[in-house]
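Observations on the three-dimensional arrangement
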Amino acid sequence: MTRIVFVAHDGARTEVEADDGDNVMRAALANDVDGIIGECGGSMMCATCHCYVDDAWADKVGPRADGEDDMLESAVCEVRPTSRLSCQIRIAADLDGLVIHLPESQT
Ligand code: FES
């Protein structure tokens, strides 16, 4: 299990335990974290799983997947250098303690 910390737009923090091999979007939904919708189920056909990787974790999480840039263009909130589709961030032990910031809205 790997710990993921979600930080809501208002600063509220929610720490969850997630299965390695799963993705950050599914970890949020499984733990009722508000701020991630994941409308397409993780097939990169929406942008309702938009999140911001904390600056301290950006290198470790790595670059966007192919096609992620295009889909992020439909994100409702501002896209930043650390913006990612959370369904494309695979959870692994080396991400233990990963901090994910949530946008103000997904719709
Ligand atoms: S859940 Fe739709 S792109 Fe991530």
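Residues numbered from 1 in each chain as written. Predicted model: local features only at pLDDT ≥ 70, side-chain atom pairs only at ≥ 80, totals over all residues. Heavy atoms only, no water.

**Quick word on unusual backbone geometry**
- In this structure, Asp 32 is a non-glycine residue whose phi angle is positive, near 55°.
- Assignment of secondary structure puts Asp 32 in the loop between α1 (24–30) and β3 (50–53).
- For Asp 32, a relative accessible area of 67% gives the class exposed.
- The phi dihedral of Met 44 is positive, around 60°, even though this residue is not glycine.
- Following the sequence through the fold, Met 44 ends up in the loop between α1 and β3. (Helix = DSSP H or I, 4+ residues; strand = E, 2+ residues; numbered from the N terminus. Buried < 20%, exposed > 50% of the residue type's maximum accessible area, 1.4 Å probe, protein only.)

**Side note on the layout of surface pockets**
- What the largest pocket holds in volume is close to 160 Å³.
- Taken together, 15 residues make up the lining of the largest pocket; nearest its centre are His 9, Tyr 52, Arg 80, Leu 102 and Pro 103.
- In terms of residue class, the lining of the largest pocket is made up of seven nonpolar, three polar and five charged. (1 Å grid on protein atoms, 1.4 Å probe; cavity = no way out; pocket = protein on both sides within 12 Å on 5 of 7 lines; lining within 4 Å. Points joined across faces, edges and corners; volume = space filled by probe spheres on them. Nonpolar A, V, L, I, M, F, W, Y, C, P; charged D, E, K, R; others polar.)

**What about the pairing of β3?**
- A two-sided burial pattern is seen for β3, the buried positions comprising His 50 and Tyr 52 on one face and Cys 51 and Val 53 on the other.
- Alignment of β3 against strand β4 (residues 83–85), held across three bridges, turns out to be antiparallel. Paired with His 50 across the two strands is Leu 85, which belongs to β4.
- Strand direction decides the pairing type here: β3 and strand β5 (residues 98–101), joined by two bridges, are antiparallel. When the sheet's bridge partners are listed, Val 53 is paired in β5 with Ile 100. (Pairing = 2+ DSSP bridges.)

**Notes on the pattern of salt bridges**
- Within this structure, the stated rule accounts for six salt bridges.
- Two residues, Glu 15 and Arg 3, come together in a salt bridge whose shortest N-O distance is 3.7 Å. A residue pair is termed long-range when its members are at least 10 positions apart, and Glu 15 in strand β2 (residues 13–18) and Arg 3 in strand β1 (residues 2–7) qualify at 12 residues.
- With a shortest N-O distance of 2.6 Å, Arg 64 and Asp 69 are connected by a salt bridge. (Salt bridge = Lys/Arg side-chain N within 4 Å of Asp/Glu carboxyl O.)

**Notes on the packing of aromatic side chains**
- In this structure the tally under the stated criterion is zero aromatic pairs.
- One residue, Arg 80, lies across the ring of Tyr 52, its end atom 3.9 Å from the ring centre. (Phe/Tyr/Trp six-rings, centres within 6.5 Å; stacked < 30°, edge-to-face > 60°. Lys NZ or Arg CZ within 6 Å of the ring centre and 35° of its normal.)

These figures come from the coordinates and say nothing about function on their own.
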